[in-house]
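These are the residues of each chain, in order.
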Amino acid sequence: MFTRRDALRLAAGLGLSFSLPALTARAAQQRGAERPKSLITLWMAGGPSQLETWDPHPGTKNGGPTQAIDTKLPGLQIAHHFPQTAEQIQHLNVIRSLVSKEGDHERGTYFVQTGYRPDPTVVHPALGAVLARNLPDDSVQIPLHVSLGSGAGFVVPRGGYLGDDFDAFRIFEPGRNIQNLRGLSNDDRNTRRLQGLDVLDRAFRRERAASVDNTLHQQVVQRALTMMDSDQLKAFEFADETAETIARYGDTRFGRGCLVARRLVETGVRAVQVVLSGFDTHAQNFSGHETQAKELDPAFAALIADLVDRDLLASTIVLCIGEFGRTPQINPLDGRDHWPNGFSCVVGGGGLVSGQIIGATANPDTTGDAAAMKPSDPVSVPDLYATLLQTMGVDYEAEEITPVGRPLKRVDGTPLSRLLPG
Amino acid sequence: MPLRSALLPVLVALGVCGLSAWAVRSPLDLQPAASLPAAADADLASAVAGVDAAFAERWAAAGLTPAPEAENELVIFRRLSLALHGTIPSLEEIRAFESDRDPERLARWTATMLADQRFADYFAERLGRSYVGVDEGQFILFRRDRFNEWLSQQLRENQPYDEIVRRMITGTGVWTGEPATNFLTAAYANDQFDRNELAGRTVRAFLGQRIDCAQCHDHPFAHWKQAEFEGLTAHYSELQVSLVGVEDKAGMRYETDAANTANLVAGPIAEKVRKVLRQNKLNVPDEAVVQPLGEPPTQWIVCVPASDVPQMEAAAATTADVRAVIRIEGDKVRAFDPEREHVINPGGAVVRVAPPSVPFGDEWEPEHGTRREKLAAWVTHPENRRFERAIANRVWGLMFGKPYYAAAAVDDLPDPDDPVTAADTAILDLLGEDFRAHDCDLRRLVQVIAASKPFRLASNHPVQRVLDSGEDLSEDALRDLKQTVAELEREWAVYPLVRLRPEQVIGSMLQAGHLTTIDRNSHLFVRAVRFFRERDFVNEFGDPGEAELEQRVGTIPQALLRMNGEFSKELTQAGPFSAPGRIVGISSSTPQCLETAYLVCLTRRPTAAEADFFLNELEESRRRDKGAAMQDLFWTLFNATEFSWNH
């Protein structure tokens with residue numbers, strides 16, 4: 001009986017040049033600030049309420065029943081649903097004055113993921129795709145851009161004009177099922193299948209070898225086989241994690257996603273998104289956010305604690321953000337509606353400073369329209385992303401030429417000096 | 001999702017009853033359809049001859065020897081099925097086609113496929129992407145399913161294309177009852193119509209012109225200035241959405257005799273003008289003033305000057321708060337709510353009133369009708385060549401997988417009068433003229449393209465034969481060869497290898513998993529599976545959205561999905577209802593088994609070398625597991641380059 005590796009070697013002998021890159025000392029094994037940087041985005045799908053997360057306004061009528069608790073960061077209070085995160089948040093920063101103009105889930109998601117408003121003539125790449133493209137790593141055999149968890153199709157970050165190659169690789173059930181990555185376990189049959197492919201390929205190449213080479217079909221299949229054979233696939237699973245660790249993250253889809261995210265970053269994956277759905281609380285906002293927090297709080301706190309423990313936070317940016325916030329007013333269904341005019345995110349690590357609290361929203365009892373409720377010190381998403389790209393060593397201002405010949409800046413913003421060291 | 005889970009058990013129950021009856025049908029002895037439409041008429045033949053002659057001339061001028069016509073008509077049959085139905089042909093269809101001895105059978109089958117409901121449904125989905133995009137939109141105001149159904153019905157009835165377009169631009173009513181209006185409501189975002197989006201889409205989808213980016217870079221059509229764009233946008237300025245659906249808010253427009261223009265003088269508002277505004281429910285504060293725009297003034301704005309602009313300065317009142325627009329149109333004076341005018345550009349810095357206008361062909365706009373009616377007439381006007389060139393380029397793209405003018409996006413054609421590209425786009429004019437001469441008949445356009453030489457050419461070319469020996473060419477020779485191949489492809493002198501779109505991949509895999517044709521006559525269960533499977537698969541495979549005619553290579557997740565996905569596993573499994581299982585059941589010999597599998601997946605028979613290899617595999621498996629061998633065969637066929645690339 002031979003192994004899969006033998007099968008690949010045999011396939012190579014048949015003229016299919018399957019090759020595995022040498023696994024030498026990899027940059028990903030480094031630690032501290034010298035390590036190549038990664039980004040973990042905790043994506044709060046549906047639009048989390050700033051009032052029930054990082055920007056509570058207790059004691060006001062529209063603040064609702066949500067209480068504020070102290071955190072390890074002096075001067076910062078967050079919603080009482082997040083006692084564990086309160087112990088870790090001093091490693092990060094809180095922005096309470098994000099602004100957007102997109103109040104629809106799909107459009108808002110597009111804007112917050114790409115830093116550009118939807119444009120029917122071009123699809124902009126998500127931040128993770130920009131990173132995967134500009135910070136490549138040949139020693140990583142698994143995708144550099146990964147999305148963990150489930151959500152609407154538009155929640156998965158796309159490569160846009162950079163190419164489908166940079167779409168996030170999607171895992172629906174983190175830690176439980178690395179779908180499509182496992183072939184047949186019968187290596188004899190695998191070899192026969194590859195031999196068959198070779199026979200078909202030879203027939204198809206007749207008088208069109210150059211055209212067939214242009215399709216890159218064979219290379220893509222080979223790269224997929226390489227990935228299927230890679231030890232790095234273990235990053236998607238956690239057979240070697242203790243039950244205690246899994247429990248700390250919370251044995252939920254999102255918790256498992258955060259644990260896998262940490263493992264992927266350790267393996268050298270550049271950008272990971274972990275999705276937590278269910279924030280669209282047009283009704284029952286308060287109980288809804290309590291439920292959400294039960295998943296978010298342990299996972300978020302465990303992730304930061306682990307990154308600190310493993311000396312990975314200096315090289316890993318963590319960003320917790322959704323497509324918009326929710327209205328300061330409470331609607332008759334005890335819910336909150338979409339509110340892009342002033343919402344919160346948590347961001348830090350990867351060389352950013354920590355402990356900053358940026359911007360403030362108005363007292364939610366303030367009457368008036370969006371203008372009256374405008375947050376102080378507003379921060380735009382493109383400015384935030386310019387900050388992240390600069391920190392990660394990507395020229396945020398460089399222009400990419402889109403397939404239609406239109407040059408576009410990677411991000412049309414200016415870095416926030418308050419988040420940058422020195 | 002809840003509907004889906006509720007439906008599935010019912011469908012399964014229905015399916016199990018029906019499947020047993022369906023499974024006993026043997027697809028191997030089907031007869032050709034009894035009543036194929038009459039053979040192509042002479043008029044069609046002459047149009048095709050014109051196109052072929054133009055290509056022959058181009059190829060001769062470029063010194064290119066085109067590829068020979070595809071050896072086996074089944075190859076073209078496969079292309080047709082992929083282009084018009086989004087799937088490869090079923091075994092049932094292949095048998096029927098092969099038993100048709102008519103020398104004009106390809107033309108007849110093109111007509112048959114066009115008459116099939118699958119064509120209408122499939123093309124509606126494809127064309128619909130350019131009209132309403134692929135975003136989910138605002139469910140309350142936008143119903144893609146209704147829109148696609150409506151478009152499909154137009155195609156089924158073979159409605160003239162210009163009429164279809166006019167109905168989209170001018171539609172009124174509720175998006176559920178008047179589905180054409182979804183073209184408009186698709187552009188409803190953040191609680192208002194995005195009129196710029198509508199104007200941009202109108203020009204892109206119907207005229208093959210991208211004007212939205214003219215400001216950002218040196219676009220070849222930079223002469224489409226911002227003002228011209230605003231003039232187009234103003235055609236949608238009266239568009240409103242209310243309880244009765246989409247309408248033109250003519251009620252907001254108050255008319256008075258031109259004699260009253262005497263009351264329009266710069267400065268505080270005369271009482272008569274104030275009355276006009278009140279009748280339009282336009283509330284204007286006391287301090288508001290009237291300012292003339294233009295010289296001589298035909299328009300005024302009613303604005304509240306910002307405190308730091310005490311002196312009015314006509315059009316330069318940049319920070320003024322515009323409350324209304326008053327315009328002289330013919331012998332009438334009309335007042336408008338500025339919300340319905342494109343007056344303030346997104347930066348908010350410049351106040352500008354843009355009356356409806358078109359960048360060229362002013363005379364094509366009729367004198368009467370609503371603004372949208374005028375726009376629709378202009379867009380579809382017989383002298384507006386951009387209209388037919390755009391649809392010819394797009395339909396060509398759907399037939400070949402890439403647009404005829406492949407140097408740019410499908411909706412970014414050069415100016416018809418641009419001398420530099422005139423020769424390159426002459427074929428589009430040729431196709432377009434025939435299209436116009438035949439009442440904008442989309443089916444006819446498809447038939448002309450399908451019968452033209454480029455569609456019939458092989459995708460292999462003798463010039464590449466030098467690579468077949470396996471010997472390495474010198475670097476220079478290889479580079480020259482690649483250049484030649486690229487030139488042949490650019491000039492359509494060889495059928496290009498184009499990656500199948502996701503819906504074609506899944507459609508083909510599903511069809512290959514069944515021996516009979518999956519269509520509206522298929523069992524409800526099969527159709528339901530197809531619907532949900534297709535949606536999930538396309539979702540996971542990655543939907544290119546509106547950019548589906550852009551050329552791209554496959555990705556690793558797609559290869560993984562095809563190789564290891566649940567869906568591939570199910571389809572390749574040799575079960576009692578799946579093709580791999582049924583083929584074993586109905587085949588009398590192993591060679592027949594292999595041949596059927598090849599026909600089902602690749603629409604061809606195996607070559608001698610392939611037969612050698614796979615017969616050996618299947619025979620050897622007699623001693624092992626025949627089911628597994630068939631599964632491996634199907635897996636191999638599904639993952640071959642040939643399966644995923646149109647050829």
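Residues numbered from 1 in each chain as written. Chains lettered and ligands numbered in written order. Predicted model: local features only at pLDDT ≥ 70, side-chain atom pairs only at ≥ 80, totals over all residues. Heavy atoms only, no water.

Visitor: Let's hear about the pattern of salt bridges: which residues, and what values?
Guide: For the structure on display, the rule yields 68 salt bridges over all chains. Where A:E241 meets A:R263, a salt bridge forms, and the shortest distance between an N and an O atom there is 2.8 Å. With A:E241 in the loop between α7 (217–229) and α8 (243–249) and A:R263 in helix α9 (residues 253–267), this residue pair connects regions lying 22 residues apart in the sequence. A residue is classified by how much of its surface remains accessible, and A:E241, at 12% relative accessible area, is buried. Among the ionic pairs, B:D100 bridges to B:R108, the shortest N-O distance being 2.9 Å. Overall, B:D100 belongs to the buried group, its relative accessible area being 7%. What makes B:R108 buried here is its relative accessible area of 17%. (Salt bridge = Lys/Arg side-chain N within 4 Å of Asp/Glu carboxyl O. Helix = DSSP H or I, 4+ residues; strand = E, 2+ residues; numbered from the N terminus. Buried < 20%, exposed > 50% of the residue type's maximum accessible area, 1.4 Å probe, protein only.)

Visitor: Go over the packing of helix α16 (residues 426–437) of chain B against helix α17 (residues 442–451) of chain B, please, and point to the residues and values.
Guide: Residues and elements named next belong to chain B. Across the interface, α16 lies against α17 with an axial gap of 9 Å and an inter-helix angle of 140 degrees. Crossing handedness for the pair α16 and α17: right-handed. Between α16 and α17, the residues in contact are L431, D434 and F435 and L442, R444, L445, V448 and I449, respectively. A class-by-class count of the residues in the contact of α16 with α17 yields six nonpolar, no polar and two charged. (Axes fitted to C-alpha atoms, helices over the stretch in contact; angles between N-to-C directions. Left-handed = near helix turned anticlockwise from the far one by under 90°. Contact = heavy atoms within 4.5 Å. Nonpolar A, V, L, I, M, F, W, Y, C, P; charged D, E, K, R; others polar.)

Visitor: Let's hear about the pairing of strand β4 (residues 245–248) of chain B: which residues, and what values?
Guide: Residue and element names in this part refer to chain B. Where strand β3 (residues 239–242) meets β4, four bridges bridge the pair, whose relative direction is antiparallel. In the sheet register, V241 faces β4, and the bridge partner there is V246. As consecutive antiparallel partners, β3 and β4 are separated by two residues. (Pairing = 2+ DSSP bridges.)

Visitor: Residue-level account of unusual backbone geometry, with values.
Guide: Even without being a glycine, B:C440 presents a positive backbone phi close to 50 degrees. Tracing the chain through its elements places B:C440 in the loop between α16 and α17.

Visitor: Go over the packing of helix α5 (residues 105–115) of chain B against α17(B), please, and point to the residues and values.
Guide: Residue and element names in this part refer to chain B. Axis separation between α5 and α17 bottoms out at 10 Å; the angle between their running directions is 145 degrees. Where α5 crosses over α17, the two elements pack in a sense that is right-handed. Residues T110, A111, L114 and A115 of α5 form the contact with α17, whose own contacting residues are R443, V446, Q447 and A450. Partitioned by chemical class, the residues of the contact of α5 with α17 number five nonpolar, two polar and one charged.

Visitor: I'd like a description of the packing of aromatic side chains, backed by residues and values.
Guide: Residue and element names in this part refer to chain B. Applying the stated criterion to the full structure yields 31 aromatic pairs over all chains. Relative to F206, the ring of F183 has its centre 5.4 Å away and its plane inclined at 45 degrees; by these criteria the two rings are tilted. In this pair, F183 sits in helix α9 (residues 182–185) while F206 sits in helix α10 (residues 195–207), placing the two residues 23 residues apart along the sequence. Here F183 matches F206 in class, with each residue buried. Above the plane of the ring of W492 lies K402, whose end atom (NZ or CZ) is 5.5 Å from the centre. (Phe/Tyr/Trp six-rings, centres within 6.5 Å; stacked < 30°, edge-to-face > 60°. Lys NZ or Arg CZ within 6 Å of the ring centre and 35° of its normal.)

Visitor: Run through the interface of chain B and chain A, naming residues and quoting values.
Guide: At the interface, 71 residues of chain B touch 60 residues of chain A. Overall, the association of chain B and chain A removes approximately 5,500 Å² of surface from exposure, summing both partners, and the carbon and sulfur fraction of that is 56%. When residues of chain B are sorted by the area they lose upon contact with chain A, B:N190, B:I556 and B:T641 head the list and together hold 11% of the total. Two residues, A:R189 and B:D632, come together in a salt bridge whose shortest N-O distance is 2.8 Å. The set of elements that each furnish at least two residues to the side of chain B that touches chain A consists of α10, α19 (475–490), α21 (524–541), α22 (556–564), α25 (590–602), α26 (608–622), α27 (626–639) and α28 (641–644) of chain B. In terms of residue count, the dominant contributor to the side of chain B that touches chain A is α22(B) (eight residues). Its residues assigned to classes, the side of chain B that touches chain A shows 26 nonpolar, 20 polar and 25 charged. (Buried area = accessible area lost by both parts, 1.4 Å probe.)

So, to be careful, I would describe these as geometric facts and stop short of saying anything about function.
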